[in-house]
Amino acid sequence: QVQLVESGGGLVQPGGSLRLSCGTSISSFRFYVMGWYRQAPGKQRELVAIIDTTGRTNYADSVKDRFTISRDSAKKTVFLQMNSLKPEDTAVYYCNANRLGIMSWGQGTQVTVSS
């Protein structure tokens, strides 16, 4: 069973930065596509960023040039560096692990951008 544990969320002012981490229990971590999703109140969960097994990345248009996803295979961890945060980035952020269409989710971490 895949376990994902997010950390790093919190309250930050507009324009600030946060770094989210997702630790995993995946023994074959290098074979998983890893991603970050978010869900704001009253909205559907949406993709923020993904990184595949080769390190290729893809981002939602709303976060391009502000967020960076990365992975550390030795630590079996995926990161999301979030810069220039905006109030509309406020949401619960979820880590996702996907192998051959089988998806696992973390419990989520709250990110609140407010002055």
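Cut-offs used in this document
- Each chain has its residues counted from 1, running along the sequence as written.
- Two thresholds apply to this predicted model, a pLDDT of at least 70 for residue-level local features and 80 or more for giving and counting side-chain atom pairs, whereas whole-chain, interface and lining totals are computed over all residues.
- Excluded from the side-chain calculation are hydrogens and water; included are all heavy atoms of the structure.
- Residues belong to one nonpolar core when they are buried, are Ala, Val, Leu, Ile, Met, Phe, Trp, Tyr or Cys, and are joined through side-chain atoms within 4.5 Å.
- Working definition: with a 1.4 Å probe on protein chains only, accessible area under 20% of the residue-type maximum means buried, over 50% means exposed, and in between means partly exposed.
- Strands are runs of DSSP state E lasting at least 2 residues, helices are runs of H or I lasting at least 4, and numbering of each runs from the N terminus.
- Any two residues having at least one pair of non-hydrogen atoms within 4.5 Å are treated as being in contact.
- Any pair of N or O atoms that falls within 3.5 Å is considered a polar contact. Within protein, one atom must be able to donate a hydrogen and the other to accept it, and sequence-neighbouring residues count only if both atoms are side-chain atoms.

**Student:** What should I look at first to understand the nonpolar core in this one?
**Tutor:** What tends to happen in soluble globular proteins is that the nonpolar side chains get buried as a cluster. Core analysis: the biggest nonpolar cluster contains 28 residues, and Met 34, Trp 36, Leu 80, Met 82 and Tyr 93 have the highest contact counts within it. The set of elements that each furnish at least two residues to this core consists of strand 3 (18-24), strand 4 (33-39), strand 5 (46-51), strand 7 (67-72), strand 8 (77-82), strand 9 (91-99) and strand 11 (109-113). The biggest single contributor to this core is strand 9, with four residues. If sequence neighbours within four positions are ignored, Tyr 93 has contacts with Glu 6, Leu 20, Trp 36, Tyr 37, Arg 38, Val 48, Phe 67, Leu 80, Met 82, Gly 108, Thr 109 and Val 111.

**Student:** Please clarify how the side chain of Thr 24 should be interpreted in this entry.
**Tutor:** With respect to the secondary-structure elements, Thr 24 resides in strand 3. Among the polar contacts made by the side chain of Thr 24, one reaches the main-chain amide nitrogen of Ile 26 at a distance of 3.4 Å. From its side chain, Thr 24 meets the backbone oxygen of Lys 76 in a polar contact 3.0 Å long. If near-sequence neighbours (up to four positions away) are discounted, Thr 24 is found in contact with Gln 3, Leu 4, Phe 29, Met 34 and Lys 76.

Purely spatial values, then, with no claim about function.
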